[in-house]
Every structure is written in C-alpha cells, then in structure tokens.
Amino acid sequence: MVVSGGVAVPVATVLTTDIDVVLAAVVGGVPPAALRAVTVDISPLLLEAVIRSALELPLVAVIRIVPRVATDPLLARSPAHLVERLIRHRFTVAGGHDLLGNELCPLDDAAVADVCASLVRAEVRHVAIVAAGSQARPQHERSVADAIQAAIPGARISAASEFGGQGLVAREATVVLDCALGELTDTVLGRCERALRRRAPGVPLRVARGDGGFSTPSRIRALPSVALGATDAAVLCGAAYLTGLQDCRVLLPRSTGQVAGDVRNGLPVVRSGQLRDLGTELVVPTTVLAPDPGRVDHRDVMRVTDIPVIFAGGDAEELACVGAAVSQPTGWLDEVAFIESAAQLEGARRDVEERATAIVMANGAAPGTTYLVESSSVAVPYSPSGTVRIRVRVAGASDVAKPHQERR
C-alpha cells in the first residue's frame, strides 16, 4: 500500500520471498521524488517462525539469577510450550534484587564461572539472562553478561533489564524470544535495506512496532521482540486513519469472534500482555484487543464509550499496511520506583519521561516533535509503602515529515 494525503492506494499483492521484487512493485507505483519512507512489518514472519517452526531458530541457553534454585522441576520451566522448546540449556545462579533494587543475595561468581565453562563446552552462541529485580538494578545481569562475552566473544546476549516490566515468567519469555529471533531479524532487515538501496537510494527504512509506532532497523536488530504484535496495532491505526478519526473504537472480525481495540490520538491503546497464539504474557507493549459480541450499529449490545465505533471489515492486510505507513516513532518504559514524597514522585516520573523521549529520538523522531502519549503512576500492591509502578509512552513526528504535514 502507498499512503498519500489521506488516501491509501493498493500498489500490488506480490506472493514472493524476494523483497527486491516487492520493493520494485512499490517504487514502480510512486514517483521517486515523492517516496519519503518505507515501513515493513516483520511481525507475521517472526510469529510464524516461533509458532509453526516455519524457519529454524537457534536454541537459547537461559540463565536465571535468583536467590535459590526452583524446588520443583516444573517451576524451572516456562509454562509456555512455544517458549520452552526454544531453550537448549538452563542454569540458575544465586543473586538478584527486589523491586526496589535491594540485594536479595550476592552474585555467586564461582557459579557464573562454571556456567561460562559449560556454555563454552556446549558451543552455545545465544544466551538469555533474566535476574530478579533487574528492572531496578541490572548490575547482576550485566556482570553475568560481561563474563559470558569474555568467554564467548561474539555471542548474542539478551538481558531482561532492557525491557522493564513485571513478572519473572513474562520477562523470561520476552528475553528468550528476543534472543532466538535475533539472527532471523538481522537477515530479513539486511535484505530489506539492500533492496531499498537498489530501488530507492536514500529513502529510509522503518520497522513497525507492537505498540503501533515504528523504530529504525538498528533498534529492532537490538530488540527484535518489540516488533512482535505489530500487525494488530497497525490494523487499528489503519482503520482509524482511513475514517479520518484520531480517537475511536475499532471492531475487527476474527475467525473466533469479533474483537475490539481502542485508538487514542492516532495510536492504539497498548499494555504489556499476551500475544494471540503465543500462550504467554510478554513485557513488551502490545495492542489490547477484547472480545466484542455486538455489532457496530449497537443492536446487539449496549456500549458505553466516549469515542466513535467503527467496523474494520476490509482486507486486514491492507489495513495493516496503511497503519504501518502512517505510524509514528514511539517509545515505552515500564519501571518501578520508591518515593517518599510528591516531589520525589514528580522527579521519578520526569526522569522516566526524559529517557523515553531519548528512545523516541533514537527511533527516528524529528527534534522538537516528541510529545507525551501516556503517563501513569500506580502503587504496587503487597509492597512497601511508597513503591510505585511508572509507565510512560512517548511519540513524535517522523524526521522525514513535519507535524501535521502530509504523510506518505
């Protein structure tokens, strides 16, 4: 799809694995001087590789840094079959922190050395590390990662502290997928970049994210899992864009029944949640879709909503292409902080917002165009008084188009 001035034009449906052929069809349908950027959605390919083993993914060694080993073998495994089958070796190292960054147990350096030796003997090249409390204090994860990098130069290492979020199971699943999908992501984006240079030199490549925004290829290479779920987010954005609405509820037909998702300020409502068919929660932001038994004409169910309701009955893949084409650079942080006063809370929130803004700038936002989409501070239950969870979402305008300018 080519999107220009509020109009979406289907260029071609090309059933091929040759990205050069696809881009040739796109470039052939647009005057070269008018092409400002090309956005690709690799989420279906990544999910297909995980769910149906359509492409062979490397197996991963997982290192948990927690105070003690699981007492039951089942607790040492991931409850998600699709995640567990990507794991080749499991290790537990004593260490970790609580949610506020207080050390629960000193890092067992001797155990780290033994794990490194085992990885060398097994010729492991992909390692996922998840430590208790690394969202607040990542030192133990970094120490283990440094030791592995020294023992296995060139190893691909994914650390859970890069993502934030809550829950050991969700954080481990995210980091395992991130590590396993790294080589595939690098290969696919490399082919896209080379093909785009041949067909449209100088035109930037963007990659759709699961939160409805986009990142640069280098950012997606570093954190492939943030691209998961991009299709659902893009479908919502595409449906809203074609109706000219910035705020709406989108009804989507599915084989299992109708679902609904909200769009606010041109971006889908997202949370850290479970991707369809994956069977486990992740800590990367994904679109919130809920079952909706009613119809858009309100005849079957009474809806209480402050926004218009639209039905996205068109081709889902075309809507996804539209949503990806009009997406914005985005960033998301989900962290825990300890505060003792309103001033400390304001300072902690401001710090998270500044770091999220820096992420958006790295994802391709033009200077001076970033804005706050969402900022929430919620007390963490069953935790010491003053423990709050801060979630911040920031977006911006593309560095190839000014705000409110016609987007192609």
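Residues numbered from 1 in each chain as written. Predicted model: local features only at pLDDT ≥ 70, side-chain atom pairs only at ≥ 80, totals over all residues. Heavy atoms only, no water.

(A) The overall build of the protein, seen in detail. Counting its regular elements, the protein contains 11 helices and 19 strands. At 22 Å, the protein has a C-alpha radius of gyration in line with the 22 Å of a compact globule built from 408 residues. In terms of overall dimensions, the protein has C-alpha extents of about 60 × 50 × 45 Å along its principal axes. The buried share of the protein, taken over its 408 residues, is 50%. Counting contacts in the protein only where the partners sit at least 6 residues apart, residues at least 24 apart contribute 71% of the total. Accessible surface for the protein amounts to roughly 18700 Å². Of this, 54% is attributable to carbon and sulfur atoms. (Helix = DSSP H or I, 4+ residues; strand = E, 2+ residues; numbered from the N terminus. Rg over C-alpha atoms; globule rule 2.2 N^0.38 Å. Buried < 20%, exposed > 50% of the residue type's maximum accessible area, 1.4 Å probe, protein only. Contact = heavy atoms within 4.5 Å. Areas by Shrake-Rupley, 256 points an atom, 1.4 Å probe, with all protein chains shown as cover.)

(B) Summary view of the pattern of salt bridges. Within this structure, the stated rule accounts for 19 salt bridges. A salt bridge links E172 to R64, with the shortest nitrogen-to-oxygen separation between them at 2.6 Å. In this pair, E172 sits in helix α6 (residues 168–180) while R64 sits in strand β4 (residues 60–66), placing the two residues 108 residues apart along the sequence. Residue E172 is classed as buried on the basis of its relative accessible area, which comes to 2%. R64 gets classed as buried once you look at its relative accessible area, which sits at 11%. Here D334 ties to R389 by a salt bridge, and the two come within 2.7 Å at their closest N and O atoms. Placement of the pair is D334 in strand β17 (residues 330–338) and R389 in strand β19 (residues 387–395), with a sequence separation of 55 residues. (Salt bridge = Lys/Arg side-chain N within 4 Å of Asp/Glu carboxyl O.)

(C) The arrangement of the sheet that holds strand β18 (residues 371–379) in detail. A sheet is described by the order of its strands in space; here 3 strands give the open sequence β17-β19-β18, paired in antiparallel fashion. Each of the sheet's edge strands pairs with one partner strand only, and the pair in question is β17 and β18. Pairs of neighbouring strands in the sheet enclose a mean axial angle of 10°, with direction left out of account. One ladder, built from 9 bridges, connects β17 with β19; its direction is antiparallel. Looking across to β19, one finds that T330 is bridged to A395. (Pairing = 2+ DSSP bridges. Axes fitted to C-alpha atoms, helices over the stretch in contact; angles between N-to-C directions.)

(D) Local environment of the pairing of strand β13 (residues 270–274). Bridge analysis of β13 against strand β14 (residues 281–287) gives 4 bridges, and the strand direction is antiparallel. Across the sheet, Q274 pairs through a bridge with E281, a residue of β14. Linking β13 back to β14 in an antiparallel pair, the connection comprises 6 residues, with D277 at a positive phi of about 75°.

(E) Summary view of the state of the cysteines. Following the criterion strictly, the structure yields 0 disulfides and no others. With no disulfide of its own, C179 lies 15 Å from the sulfur of C116, the closest cysteine sulfur. Looking at the unpaired C321, the closest cysteine sulfur is the one in C192, lying at 13 Å. Residue C321 is classed as partly exposed on the basis of its relative accessible area, which comes to 37%. (Disulfide = S-S within 2.5 Å.)

(F) Spotlight on unusual backbone geometry. Backbone geometry places N265, a non-glycine residue, at a positive phi of 55°. For N265, a relative accessible area of 41% corresponds to the partly exposed category.

(G) Here's a closer look at the packing of helix α4 (residues 109–121) against helix α5 (residues 139–151). At a minimum axis distance of 10 Å, the contact between α4 and α5 shows a crossing angle of 35°. At the point where α4 passes α5, the crossing takes the right-handed sense. Along its contact with α4, which presents V112, C116, L119 and V120, the element α5 presents V144, A147, I148 and A151. (Left-handed = near helix turned anticlockwise from the far one by under 90°.)

(H) Spotlight on the side chain of S78. Along the chain, the position of S78 falls in the loop between β4 and α3 (81–84). Among all residues touching S78, those that are not within four sequence positions of it are V83, E84, R90 and E172.

(I) Spatial organisation of the packing of helix α1 (residues 19–28) against helix α7 (residues 182–199). As a packed pair, α1 and α7 sit with axes 9 Å apart at the nearest point and diverge in direction by 40°. By the angle class used here, α1 and α7 are oblique. The crossing of α1 and α7 is right-handed. Across from I19, D20, L23, A24 and V27 in α1, the residues of α7 making contact are R191, C192, A195, L196, R198 and R199. (Parallel < 35°, antiparallel > 145°, perpendicular 65-115°, else oblique.)

(J) Quick peek at the pairing of strand β11 (residues 259–264). Within β11, 5 of the 6 residues are buried, which leaves the element mostly enclosed by the surrounding structure. Relative to β11, strand β10 (residues 248–252) runs antiparallel, the two sharing 5 bridges. Along β11, the bridge assignment pairs L251 with A260. The loop that links β10 with its antiparallel partner β11 comprises 6 residues; one of these, G257, has a positive phi angle of about 125°. Inspection of the sheet shows β11 paired to strand β15 (residues 290–291) by 2 bridges, in the antiparallel sense. Its bridge partner being in β15, A260 is matched across the sheet by A290. As judged from the 2 bridges shared by β11 and strand β12 (residues 267–268), these two strands associate in the antiparallel manner. Each bridged residue has a counterpart across the sheet, and for R264 the counterpart in β12 is L267. The turn linking β11 back onto β12 is made up of 2 residues, and N265 within it adopts a positive phi angle of 55°.

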